[in-house]
Amino acid sequence: MTDRTAAAHRTPGIATYAQLAGAVLFWSTNWLLIKAVLPDIGPFTFNALRFAGSALLLAALLPVLGAPVLPVHGERGGLAVNGVLQIAAMLGLSSLGLLVVPPGRAAVLAYTMQLWALPLAVLIAGEWPSGQRILGGLLAFAGVLVFFNPALVDWSDGRVLFGNALLIGAAVSWALGASLYRRRTWRTPFWTQTFWQIGASAALVVPLALLMETGQSIHWTPMLLGVLVFNWLIATALCYWWWSKALAVMPASQAGQIVCLVPITALLESAVIFGEPLNAEVLLSVGLIAAGIVITARAK
């Protein structure tokens, strides 16, 4: 049995959906937290501290968890590439986009991941979506199109356009990494996978932070410290472990549809906390995306 065939015979259970639900809650809240602290720290520096702290924490926990530090021979390069695409590039581009885009809207753009995952899954992993998943994807895509309405996004502002482009780039990078991950069954334990991918991300982003933001002051506040700890323990280490486990038993397009609840939740939270507007067009977009998620999650 090939790696892809073996993966296809696995089916997600209640625990998988519960873990994805936890990731949805924590990741949606984290968009608002990062937006709140970016005035105090550069985006490259924030992500360098985020990834390095998470990697160090996991390195200390691996012996307790009985997991090896090094992945299985032959999987190290592949896991590192996946880490760079799904963690370093996705979160790095998202943080840059957050400098100019409100957190709810930024989350919606970044989580168009599932739209890119459908064609990439066919091209890279050879996974043809069912008609039900295609319908769910089309509904979600329609919701995104509504959200791109010029009445909601100022397309005359070059800075806003660049921020939108960065967030779409984050989505494409995430979808590419997820599709590559689905090409095989990984023998490396999930905790080791998570550590290795976060470590690879730290190895890339720390030098970038030193190059791009040396000399830029950091305003250390209790809020900034709390957000970093939250990212070390929850939003990075735990949630990416859950994400890797989900990808082992379901297509990236389906998992991506489920975590599309993140921007919906973030948008609602941002409306309450930051006063981000919720008009009829935004609500229509949210409704279409939610319908796409439900249809895809129920697809066989």
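Residues numbered from 1 in each chain as written. Predicted model: local features only at pLDDT ≥ 70, side-chain atom pairs only at ≥ 80, totals over all residues. Heavy atoms only, no water.

A few words now on the overall build of the chain. The number of helices and strands found in the chain is 13 helices and zero strands. Starting at the N terminus, the α and β elements of the chain follow one another as α-α-α-α-α-α-α-α-α-α-α-α-α. Over its C-alpha trace the chain gives a radius of gyration of 18 Å, about what one expects of a compact globule, namely 19 Å for 300 residues. Expressed along its principal axes, the backbone C-alpha trace of the chain runs to roughly 55 × 50 × 30 Å. Within the chain, the proportion of its 300 residues that are buried is 52%. Across the chain, contacts joining residues at least 24 apart in sequence account for 89% of those joining residues at least 6 apart. (Helix = DSSP H or I, 4+ residues; strand = E, 2+ residues; numbered from the N terminus. Rg over C-alpha atoms; globule rule 2.2 N^0.38 Å. Buried < 20%, exposed > 50% of the residue type's maximum accessible area, 1.4 Å probe, protein only. Contact = heavy atoms within 4.5 Å.)

Moving on to the packing of aromatic side chains. For the structure shown, the criterion picks out seven aromatic pairs. Looking at Arg184, its charged tip hangs above the ring of Trp186, at a distance of 4.5 Å from the centre. (Phe/Tyr/Trp six-rings, centres within 6.5 Å; stacked < 30°, edge-to-face > 60°. Lys NZ or Arg CZ within 6 Å of the ring centre and 35° of its normal.)

Right, let's talk about the packing of helix 2 (residues 14–37) against helix 5 (residues 103–110) for a bit. Interaxial distance between helix 2 and helix 5 falls to 9 Å at its minimum, and their mutual angle equals 125°. Compared by their axis directions, helix 2 and helix 5 come out oblique. Our pair here, helix 2 against helix 5, has a crossing hand that is right-handed. Facing Trp31, Leu32 and Lys35 of helix 2, the residues of helix 5 in contact are Pro103, Ala106, Ala107 and Ala110. (Axes fitted to C-alpha atoms, helices over the stretch in contact; angles between N-to-C directions. Parallel < 35°, antiparallel > 145°, perpendicular 65-115°, else oblique. Left-handed = near helix turned anticlockwise from the far one by under 90°.)

What follows covers the nonpolar core. Counting residues in each nonpolar core, the largest one holds 82 residues, and the members touching the most others are Trp27, Trp31, Tyr111, Trp243 and Val259. Looking at this core, the element that brings in the most residues is helix 10 (residues 222–247), giving 14 residues. Once residues within four sequence positions are removed from consideration, Tyr111 is found in contact with Trp27, Trp31, Met90, Trp174, Val259, Cys260, Val262 and Pro263. (Core = buried A, V, L, I, M, F, W, Y, C linked by side-chain atoms within 4.5 Å.)

This brings us to the confidence of the model for the chain. Note that predicted coordinates carrying low pLDDT should not be read in detail. Mean pLDDT over the chain stands at 86; residues scoring 70 or higher make up 94%. Overall, residues 1–9 carries pLDDT values under 50, and its contacts beyond four positions in sequence, including any with other chains, amount to 14 contacts. (pLDDT = per-residue confidence, 0-100.)

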